[in-house]
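Listed below, chain by chain, are the residues.
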Amino acid sequence: VAPQVLQCYLMALERWLREVAKQQADMLDPILLEFLKRTDNAAIAGVVAAVAIAFPFQCGESLLSLLSSSEYVALDRGRMVADISPPSQVLAGWMAGRDAEQQIFRSERSEADKWPSRKNDLEAAVRNLQLTNFATRVQERLDELRVALGPLDEQDDEDRLWRLAIHRMDLREYRV
């Protein structure tokens, strides 16, 4: 939840990054990494995550970077769940008669809610990344994250949730 002008800015940034992905795919990952390097803002990291989820095969380094934080993965899972009932649908009824600024915001939000990648999260993107030449690096990183959790008997509930997320992301754990 943020002021609508900030939300519009973030949606515009995401839209621009999506255009970069379509027109200059090789530039996308370096741009996303630069955003992550230069910010400590979760909203910007959220935009980076959204774009990386939409274009996982072009954003391997960014996804590996985002994977290093259990908080990013958990926040994005929450975003995906919230997107099941997009805010634009909830807001549509009571904002219908408001001013032009409200209508622009609602229109932008409604358009963004229709993007297919909104139904995926970082976990899905990391799974998809294992279908590329990044597979070995992703799996090594998942193994490092497991080891960093320490012994099972010393883990708390938060550690257990992170371990479960790591398990869901690791394609080696799936059986036909």
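Relevant structure appears above.
Scoring rules and cut-offs
- Residues numbered from 1 in each chain as written.
- Predicted model: local features only at pLDDT ≥ 70, side-chain atom pairs only at ≥ 80, totals over all residues.
- Heavy atoms only, no water.
- 1 Å grid on protein atoms, 1.4 Å probe; cavity = no way out; pocket = protein on both sides within 12 Å on 5 of 7 lines; lining within 4 Å.
- Points joined across faces, edges and corners; volume = space filled by probe spheres on them.
- Helix = DSSP H or I, 4+ residues; strand = E, 2+ residues; numbered from the N terminus.
- Nonpolar A, V, L, I, M, F, W, Y, C, P; charged D, E, K, R; others polar.
- Salt bridge = Lys/Arg side-chain N within 4 Å of Asp/Glu carboxyl O.
- Buried < 20%, exposed > 50% of the residue type's maximum accessible area, 1.4 Å probe, protein only.
- Expected span 1.5 Å × (residues − 1).

Asker: For this particular structure, what's the right way to read the layout of surface pockets?
Answerer: Where empty space is left in the structure can be found by rolling a water-sized probe over the atoms. Counted as a void, the second largest pocket has a volume near 190 Å³. When contributions to the lining of the second largest pocket are tallied by element, the ones reaching two or more residues are helix H5 (70–82) and helix H10 (157–169). Among the elements that make up the lining of the second largest pocket, the one with the highest residue count is H10 (five residues). Residue composition of the lining of the second largest pocket, by class: five nonpolar, one polar and four charged.

Asker: So what exactly am I meant to see when it comes to the pattern of salt bridges here?
Answerer: Oppositely charged side chains may form a pair once their charged atoms are brought near each other. Summed over the entire model, instances satisfying the criterion amount to 13 salt bridges. Between Asp 157 and Arg 160 there is a salt bridge; the shortest N-O distance is 3.0 Å. With a gap of three residues between them, Asp 157 and Arg 160 both fall in helix H10, about one helical turn apart. The exposed category is assigned to Asp 157, whose relative accessible area is 57%. Given a relative accessible area of 36%, Arg 160 falls into the partly exposed group. Linked through salt bridges whose partners overlap, the residues forming this network are Asp 143, Arg 146, Asp 170, Arg 172 and Glu 173.

Asker: Sorry, what's going on with helix H1 (residues 4–23) here?
Answerer: Residues separated by three or four positions in an α-helix point in the same direction, a consequence of the helix having 3.6 residues per turn. Taking 1.5 Å as the rise per residue, H1 with 20 residues should run 28 Å; its terminal C-alpha atoms sit 28 Å apart, in good agreement. Turning to H1, its buried residues number three or more, namely Cys 8, Leu 10, Met 11, Leu 13, Glu 14, Leu 17, Arg 18, Val 20 and Ala 21.

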